[in-house]
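Here are the chains, one letter per residue:
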Amino acid sequence: MSEMAASLPEGQQRFLDRQAERIRRLRETLVEIARVPETVTLEIGCGHGHYLTAYALQHPDKRCIGVDLVTKRILKACQKRDKRNLQNLHFLKAEIREFLKAWPEHLTLERVFILFPDPWPKKRHAKNRILQSSLLDALGQIAKEGTQLHFRTDHPENFAWGMEVIASHADWHIRDDIEWPFENPSFFQDLLGDYQSLTACFSPLETGESESQ
Ligand SMILES: C[S@@+](CC[C@H](N)C(=O)[O-])C[C@H]1O[C@@H](n2cnc3c(N)ncnc32)[C@H](O)[C@@H]1O
């Protein structure tokens, strides 16, 4: 055991061990879901699964995975999926950063939705917003050239935040010319009023190309 590991307080070590075990199990589940190389459509914070269920129904050739922190929401989402017998749809209870650490190498992110994320309206809570530069880094690790990210929120400040986070990231680029790929109200879209949407593309080459010109 390294000196560093030996010096960790017991509670912290227990937390890290549990986290490692959750990530190991998530990876096992992902490998069971798709044993061979595939591209994946991901919804982060899928809630009750309204949107992704409709998406998977319309796109039977797409492997769709929804992730949410809340067990009850995932159970409801799974009921929707089972009722329609959708073999291409999976819902997993996980924290998104742990989930991304579990992502096996043979899967590639094709498309990711973040719909009506918790707004964390106070400035001092902005660090809790789901869309952060570090999340874009982690998504970039599993993306390919052209992977699309779709972000929608009813909260103007959160929208401005999303625009800024993406605009200041080197590898993700906001694209006004790409249409929203599929319309079907999510649970929160139905509850809330106006909203704004943006799409960004993963293109690490774009930065390199423009720098070399
Ligand atoms: C306001 S709800 C929106 C749900 C759904 N996208 C919709 O539009 O109906 C935000 C969801 O994100 C989930 N969530 C928040 N932080 C998360 C995280 N770090 N990892 C996974 N899910 C998260 C919450 O549990 C919640 O279900």
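Reading the values: the criteria
- Residues numbered from 1 in each chain as written.
- Predicted model: local features only at pLDDT ≥ 70, side-chain atom pairs only at ≥ 80, totals over all residues.
- Heavy atoms only, no water.
- Phe/Tyr/Trp six-rings, centres within 6.5 Å; stacked < 30°, edge-to-face > 60°.
- Helix = DSSP H or I, 4+ residues; strand = E, 2+ residues; numbered from the N terminus.
- Buried < 20%, exposed > 50% of the residue type's maximum accessible area, 1.4 Å probe, protein only.
- Salt bridge = Lys/Arg side-chain N within 4 Å of Asp/Glu carboxyl O.
- Near = heavy atom within 4 Å.
- Polar contact = N/O pair within 3.5 Å; in protein donor to acceptor, adjacent residues only side chain to side chain.
- Areas by Shrake-Rupley, 256 points an atom, 1.4 Å probe, with all protein chains shown as cover.
- Contact = heavy atoms within 4.5 Å.
- Core = buried A, V, L, I, M, F, W, Y, C linked by side-chain atoms within 4.5 Å.
- Pairing = 2+ DSSP bridges.
- Axes fitted to C-alpha atoms, helices over the stretch in contact; angles between N-to-C directions.
- Expected span 1.5 Å × (residues − 1).
- Arc of directions from axis to C-beta.
- UniProt positions renumbered as here; feature names shortened; annotations may be inferred.

Draft legend 1. Spotlight on the packing of aromatic side chains. Per the counting criterion, the structure on display carries ten aromatic pairs. Taken together, a centroid distance of 5.5 Å and an interplanar angle of 85 degrees make the contact between Tyr55 and Phe182 edge-to-face. Of this pair, Tyr55 sits in helix H3 (residues 50-58) while Phe182 sits in the loop between strand E6 (172-174) and helix H8 (187-191), placing them 127 residues apart in sequence. The residues Tyr55 and Phe182 share a single accessibility class, namely buried.

Draft legend 2. The pattern of salt bridges, seen in detail. Summed over the entire model, instances satisfying the criterion amount to ten salt bridges. The salt bridge partner of Arg24 is Glu21, with a shortest N-O separation of 2.8 Å. Of this pair, Arg24 and Glu21 both sit in helix H2 (residues 10-33), three residues apart, which is roughly one turn of the helix. Among the residues examined, Glu21 registers a relative accessible area of 28% and is labelled partly exposed. Note that Arg24 is salt-bridged to Glu28, the shortest N-O span being 2.6 Å. Taken together, the positions of Arg24 and Glu28, both in helix H2 and four residues apart, correspond to about one turn of that helix. Note on Arg24: relative accessible area 40%, which makes it partly exposed.

Draft legend 3. Up close: the site of the ligand. The environment of the ligand is formed by 18 residues, the closest being Gly45, Asp68, Arg73, Glu95 and Ser186. Between the ligand and the protein, one listed contact pairs a nitrogen atom with a side-chain N or O atom of Glu95 at 2.8 Å. At 2.9 Å, a backbone N or O of Phe188 approaches an oxygen atom of the ligand. When the ligand is considered free in solution it has 600 Å² of accessible area, and contact with the protein chains removes 90% of it.

Draft legend 4. Inspection of the environment of Asp154 at higher detail. Assignment of secondary structure puts Asp154 in the loop between strand E5 (143-153) and helix H7 (156-167). When its relative accessible area of 30% is taken as the criterion, Asp154 is described as partly exposed. Between the C-alpha atoms of Asp154 and Gly193, which are 39 residues apart in sequence, the distance is 6.8 Å. If near-sequence neighbours (up to four positions away) are discounted, Asp154 is found in contact with Phe116, Leu192, Asp194 and Tyr195.

Draft legend 5. Here's a closer look at the nonpolar core. Ranked by size, the top nonpolar core spans 36 residues in total, and within it Leu42, Phe99, Leu139, Leu149 and Trp172 carry the most contacts. Not counting the four nearest positions on each side in its chain, Leu42 is found in contact with Ile65, Val67, Ile96, Phe99, Leu100, Leu109, Arg111, Val112, Phe113 and Leu139.

Draft legend 6. Region of the structure containing the sheet that holds strand E2 (residues 63-68). The strand order across the open sheet built from seven strands is E3-E2-E1-E4-E5-E7-E6, with neighbouring strands paired in mixed fashion. Looking at which strands have only one partner, the edges of the open sheet turn out to be strand E3 (89-93) and E6. The average angle at which neighbouring strand axes cross in this sheet is 25 degrees, direction not considered. By the bridge criterion, six bridges tie strand E4 (residues 107-115) to E5 in an arrangement that is parallel.

Draft legend 7. Region of the structure containing H7. Here H7 contains twelve residues, and its C-alpha end-to-end distance of 16 Å stays within 8% of the 16 Å for a straight helix at 1.5 Å per residue. Those residues of H7 not exposed but buried are Asn158, Phe159, Gly162, Val165 and Ile166. Looking down the long axis of H7, one finds its buried residues gathered within 130 degrees of arc, a one-sided arrangement. Those residues of H7 that are exposed and angled more than 90 degrees off the buried face are Pro156, Glu164 and Ala167. Contact partners of the buried residues in H7: helix H6 (133-142), E5, E6 and strand E7 (196-202).

Draft legend 8. Broad picture of the UniProt feature "binding site: substrate" (unreviewed entry) in the chain. With numbering matched to this structure, UniProt assigns "binding site: substrate" (unreviewed entry) to Lys122 and Asp154. Note on placement: Lys122 falls in the loop between E4 and H6. Lys122 gets classed as partly exposed once you look at its relative accessible area, which sits at 45%.

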